[in-house]
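# Structural features, examined
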Amino acid sequence: MKITEITIRHLQMKLKAPFTTSFGTFKIKEFLLLEATDEAGTVGWGESVAFNAPWYNEETLQTNWHMLEDFLIPLILNKQINHPDEVNELFAPIRKNNMAKSTLEGAVWDIYAQQTNQSLAKALGGTKDKIEVGISIGIQESIEELVALVDGYVKEGYKRIKVKIKPGWDVDVMRTLRENFPNVAIMADANSAYHLEDTDHLKQLDAFDLTMIEQPLASDDIIDHAQLQKELKTPICLDESIHSLEDARKAVELGSTKIINIKIGRVGGLTEAKKIHDYCEANGIPVWCGGMLESGVGRSHNVALTTLSNFILPGDTAGSTRYWEKDIIVPEVVATDGYIDVPQTTGIGYEVDRETVEAYTVAKKDYR
Ligand SMILES: O=C(O)CCC(=O)c1ccccc1C(=O)O
Ligand SMILES: [Mg+2]
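Since the model is a prediction, treat every value here as computed from it, not as a measurement.

## What about the coordination of the magnesium ion (ligand 2)?
Four donors placed tetrahedrally about a metal ideally form angles of 109.5 degrees, and six donors placed octahedrally ideally form angles of 90 or 180 degrees. Bound to the magnesium ion (ligand 2) on the protein side are Asp 189 (OD), Glu 214 (OE) and Asp 239 (OD), at distances that span 2.1 to 2.3 Å. Within one chain, the residues donating to the magnesium ion (ligand 2) are spaced in sequence as D-x24-E-x24-D. Highlighted residues: Glu 214 in strand E8 (residues 213-214) and Asp 239 in the loop between strand E9 (236-238) and helix H9 (245-254), separated in sequence by 25 residues. Here Glu 214 and Asp 239 have matching classes, each one buried.

## Some points on the domain arrangement of the chain
Accessible area lost upon the coming together of the parts is a frequently used measure of interface size. The domain architecture assigned to the chain consists of domain 1 (3-117 + 351-367) and domain 2 (122-341). The centre of domain 1, based on its C-alpha atoms, is set 23 Å off from the matching centre of domain 2. When domain 1 packs against domain 2, close to 3,400 Å² is buried across both sides, 63% of that on carbon and sulfur atoms. Of all residues in domain 1, Lys 16, Phe 19 and Tyr 56 give up the largest surface area on contact with domain 2, accounting jointly for 20% of the area buried on that side. Taken together, domain 1 and domain 2 are joined by 1 salt bridge.

## Describing the pattern of salt bridges
For the structure on display, the rule yields 20 salt bridges. Among the salt bridges present, the one from Arg 9 reaches Glu 35, with a minimum N-O distance of 2.9 Å. Of this pair, Arg 9 sits in strand E1 (residues 3-21) while Glu 35 sits in strand E2 (residues 24-38), and the two are 26 residues apart along the sequence. Here Arg 9 and Glu 35 have matching classes, each one buried. Between Glu 272 and Lys 275 there is a salt bridge, and its shortest N-O distance comes to 3.9 Å. Of the two residues, Glu 272 and Lys 275 both sit in helix H10 (residues 270-282), 3 residues apart, roughly one turn of that helix. The class of Glu 272 is buried, set by a relative accessible area of 13%. Three or more residues joined by partner-sharing salt bridges are found here, namely Arg 160, Lys 162, Lys 164, Asp 189, Glu 214 and Asp 316.

## Looking at the packing of H9 against H10
With their axes 9 Å apart at the nearest point, H9 and H10 run at an angle of 25° to one another. In terms of their interaxial angle, H9 and H10 are classed as roughly parallel. The two elements H9 and H10 meet at a crossing, and its hand is right-handed. Contacts between H9 and H10 pair Leu 245, Ala 248, Arg 249, Val 252 and Glu 253 from the former with Glu 272, Lys 275, Ile 276 and Tyr 279 from the latter. In the contact of H9 with H10, the residues fall into 5 nonpolar, no polar and 4 charged.

## What to know about the UniProt feature "active site" (unreviewed entry) in the chain
Under the UniProt annotation, "active site" (unreviewed entry) lies at Lys 164 and Lys 263. With respect to the helices and strands, Lys 164 occurs in strand E6 (residues 161-164). With residues near it in sequence (within four places) discarded, Lys 164 still touches Phe 19, Thr 20, Thr 21, Ser 136, Ile 137, Gly 138, Ile 139, Trp 169, Asp 189 and Asn 191. Looking at the element boundaries, Lys 263 is found in the loop between strand E10 (259-262) and H10. Only 2.9 Å separates the side chain of Lys 263 from the side chain of Asp 239, close enough to count as a polar contact.

What counts, and at which threshold
- Residues numbered from 1 in each chain as written.
- Chains lettered and ligands numbered in written order.
- Predicted model: local features only at pLDDT ≥ 70, side-chain atom pairs only at ≥ 80, totals over all residues.
- Heavy atoms only, no water.
- Donors = N, O, S within 2.8 Å, 3.2 Å for Na, K, Ca; no water.
- Helix = DSSP H or I, 4+ residues; strand = E, 2+ residues; numbered from the N terminus.
- Buried < 20%, exposed > 50% of the residue type's maximum accessible area, 1.4 Å probe, protein only.
- Domains from an automatic or database assignment.
- Buried area = accessible area lost by both parts, 1.4 Å probe.
- Salt bridge = Lys/Arg side-chain N within 4 Å of Asp/Glu carboxyl O.
- Axes fitted to C-alpha atoms, helices over the stretch in contact; angles between N-to-C directions.
- Parallel < 35°, antiparallel > 145°, perpendicular 65-115°, else oblique.
- Left-handed = near helix turned anticlockwise from the far one by under 90°.
- Contact = heavy atoms within 4.5 Å.
- Nonpolar A, V, L, I, M, F, W, Y, C, P; charged D, E, K, R; others polar.
- UniProt positions renumbered as here; feature names shortened; annotations may be inferred.
- Polar contact = N/O pair within 3.5 Å; in protein donor to acceptor, adjacent residues only side chain to side chain.

If you want it as structure tokens, here you go:
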């Protein structure tokens, strides 16, 4: 294929309910949507998971736009690409900026899957036709509200409940949840809110039989996490710290992580995500697919990736209705009893609803 035309759009989508983590609250999701067209007229879609401020990592929607416009799109436009894995090689001169790279790489994978007449899941080597999913719940005003929310999601059938924690909203919260839901798989995500000095405090979480604790320490750390894991019974799962296969290898070798959360954007695309998956599978490290409050496009990529065999633990890919009044894909992603059926049609397997995309678009630019 040769990509001959690319459109970047900046979209704003109001979340049904604010989502609060240890680093801030999201009310409106702002993100870039990328549409790529090849010389045969096949259209592929990619989504940037960078937020509007550099809280989760250093990338933002604006830095992604700059990287795409000035560096990444020129490396791809009108080049012959035989397989999406080549995109990684074409991007090799550009350091980091993984979310920007992933935005364009995802669209190339979508086109490739359509041109080889298979679903994105099959093109990636996926083996499942339905995936098990969990849900991630932000920090609430009160423990009572949290318990009520969890109760609803457990009744909806979500296979694992993840709760955001931060200092002051942690041990009591997890104790109450465990008391109320003795048989539910529960985990905590700290988004880097603690330090090694908090080890004794965090050890109290061991009493609640949590499936894992996600990214307790600094977002760029793999050394202290190894130290903490020696003290904790609860398995540590790294999120923010893992940007590549090399990071995954080092963290696993050091004993910093027993489980890995793979986010396509954070690791620079589906090719790298697959490499991390394969390495973890060979080394007995279960993985799951993280979420970044994606619209339907990013969500569809997550669904496809989760069909790979070592995505053993339920991920954060909840159904569209959990986030949006109206998603930008048809049909929307539907979770029933904690399962999402993987679409079998070619490419991402969902139609992008252009009218809805236009309604959410606040800026747009074409490249050819
Ligand atoms: O529902 C989702 O998409 C996952 C939500 C989530 O946990 C999250 C949302 C925003 C930023 C970081 C994270 C995270 O996984 O750490
Ligand atoms: Mg996380």
